[in-house]
Amino acid sequence: MSATAHGKVILLGEHAVVYGQPCLAGSLHPGASCDAEHGPGGVRLHVVPWDRSFTPDDGSEIGRAVGGLCAALGVSDAALTLTLSLPGGGGVGSSAAMGVACARALAELAGRSLDDHAVMELALGWERVFHGNPSGVDHTLAALGGVGVFVRGEGLRRLRLRGPVPLCLGDTGERSATRAMVEGVAVLRTRNPAMTDRTLDAIGVVVRNGALALEAGDAKGLGDFMNLNQNLLASLLVSTERIEDLCAAARDAGAYGAKLTGGGGGGCVIALAPGREDAVLAAWKTLGVDGRVVQVGR
Ligand code: MEV
């Protein structure tokens, strides 16, 4: 039994999406793939790129998450092998892609035919193990793919685009847990509700306008909204010096826009630089980052 799932990038709107604002996101492929077979006894998940195995009772979050999936599907023995094509913990949806790929492979192993909605329900349970208050954007994109505007509780409204969106993707090499970054914004909102809510509202406006720019094929306009969104994210204290350095280098190299993607506190940076991708990757290289061009929504 073999199953796959997408990764994702958030073009605009992370963090604000947790509070009901829209976010503009697209899928990355490949994300994760999972093979499942009946095992010699019990449940074991092996993550190939990390060369590490997890079991439901090993005390790890991944072990707990896979145990939850198996319990929900009534599977008591399974050997799962997961291949991840995304940087783990980098804000590009690796956790949700793992959850969706495992849920699909386990459902097949259990002889169950699940629609995308049922897979997303299972993957939401997986996501809650890692992150107390997920908006749902990560596992929705992991299951459905494409490019669209996601609203918590409403789902994904796909955008009609002429083709995938090429973006430069660079990993800062820094890592912070999404849970901690989301909690940080919640603390800021408790301490200073009016200022934080104004910022979250402003991000919502940026997303709505950015989606219009993307649909109209206005790369310069979308880039401007990415830069605006990055400033607003920095004011929510989820950026880092390294993220700002990578964004500045990308803009100096000709990118229309650059920003963090995902929870921030490190992770990956995206840059929109049609025709200037090589210059952006070269600029990042001088900062010690091996970036690549990804096609979002393919
Ligand atoms: C994480 O990829 C995106 C956040 O907005 C959290 C969420 O939406 O659940 C930071």
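Residues numbered from 1 in each chain as written. Predicted model: local features only at pLDDT ≥ 70, side-chain atom pairs only at ≥ 80, totals over all residues. Heavy atoms only, no water.

### Section: the nonpolar core
Leu24, Trp126 and Trp284 are the most contacted members of the largest nonpolar core, which has 93 residues in total. Summarising the domain contributions, this core has at least three residues from each of domain 1 (2-158) and domain 2 (165-296). Discounting residues that sit within four places of it in the chain, tryptophan 126 has contacts with Leu45, Ile62, Ala65, Val66, Leu69, Ser95, Met98, Gly99 and Cys102. Val17, Cys23, Val137 and Phe150 belong to the second-largest nonpolar core, a separate cluster that totals seven residues. (Core = buried A, V, L, I, M, F, W, Y, C linked by side-chain atoms within 4.5 Å. Buried < 20%, exposed > 50% of the residue type's maximum accessible area, 1.4 Å probe, protein only. Domains from an automatic or database assignment. Contact = heavy atoms within 4.5 Å.)

### Comments concerning helix α7 (residues 219-235)
What sets the pattern is the α-helix's 3.6 residues per turn: residues three or four places apart point alike. Over its 17 residues, α7 extends 25 Å from the first C-alpha to the last, a length consistent with the 24 Å expected when each residue adds 1.5 Å. Taken together, the buried positions of α7 are occupied by Gly221, Leu222, Gly223, Met226, Asn227, Asn229, Gln230, Leu232 and Leu233. On its buried side, α7 packs onto β1 (2-12), β2 (23-37), α6 (193-215), α8 (241-252), β9 (257-260) and β10 (268-272). (Helix = DSSP H or I, 4+ residues; strand = E, 2+ residues; numbered from the N terminus. Expected span 1.5 Å × (residues − 1).)

### Quick look at the site of the ligand
Residues in contact with the ligand amount to 14 residues; listed here are only the nearest, Lys8, His15, His131, Ser135 and Asp138. Between an oxygen atom of the ligand and a side-chain N or O atom of lysine 8, the distance comes to 3.1 Å. Residue aspartate 138 places a side-chain N or O atom 3.0 Å away from an oxygen atom belonging to the ligand. Among the secondary structure elements, those contributing two or more residues to the shell around the ligand are β1 and α4 (137-144). A breakdown of the residues in the shell around the ligand according to their chemical character gives six nonpolar, five polar and three charged. Each of domain 1 (2-158) and domain 2 (165-296) accounts for three or more of the residues forming the shell around the ligand. (Near = heavy atom within 4 Å. Polar contact = N/O pair within 3.5 Å; in protein donor to acceptor, adjacent residues only side chain to side chain. Nonpolar A, V, L, I, M, F, W, Y, C, P; charged D, E, K, R; others polar.)

### A look at the sheet that holds β10
One open sheet accounts for four strands, arranged β9-β10-β8-β11; its pairing is antiparallel. Of all the strands in the sheet, just β9 and β11 (292-296) have a single pairing partner and so form its edges. Here the strands of the sheet are splayed against their neighbours by 30 degrees on average, with no regard to which way each runs. In terms of strand pairing, strand β8 (residues 165-171) meets β11 through five bridges, oriented antiparallel. For leucine 169, the partnering residue across the bridge sits in β11 and is arginine 292. Each of β9 and β10 touches α7; the most contacted strand, β9, lies at about 35 degrees to it. (Pairing = 2+ DSSP bridges. Axes fitted to C-alpha atoms, helices over the stretch in contact; angles between N-to-C directions.)

### Considering the environment of methionine 195
Inspection of the secondary structure puts methionine 195 in helix α6. For methionine 195, a relative accessible area of 27% translates into the label partly exposed. For the pair methionine 195 and alanine 177, spaced 18 residues apart in sequence, the C-alpha separation works out to 24 Å.

### A word on the pattern of salt bridges
Taken as a whole and judged by the stated rule, the model has eight salt bridges. For the salt bridge of aspartate 138 with lysine 8, the shortest nitrogen-to-oxygen distance reads 3.3 Å. Here aspartate 138 is found in helix α4, whereas its partner lysine 8 is found in strand β1, with 130 residues between them in sequence. For lysine 8, a relative accessible area of 2% puts it in the buried group. Between lysine 259 and glutamate 14 there is a salt bridge, with the nearest N and O atoms lying 2.8 Å from each other. (Salt bridge = Lys/Arg side-chain N within 4 Å of Asp/Glu carboxyl O.)

### Section: the packing of aromatic side chains
One pass over the structure, following the stated rule, counts two aromatic pairs. Centroid distance tryptophan 50 to phenylalanine 54: 6.4 Å. Interplanar angle 80 degrees. Geometry classified as edge-to-face. A relative accessible area of 3% places phenylalanine 54 in the buried class. On the numbers, 5.8 Å between centres and 45 degrees between planes, the contact of tryptophan 126 with phenylalanine 130 is tilted. Taken together, the positions of tryptophan 126 and phenylalanine 130, both in helix α3 (residues 116-130) and four residues apart, correspond to about one turn of that helix. Across this residue pair, the class does not change: tryptophan 126 and phenylalanine 130 are buried. (Phe/Tyr/Trp six-rings, centres within 6.5 Å; stacked < 30°, edge-to-face > 60°.)

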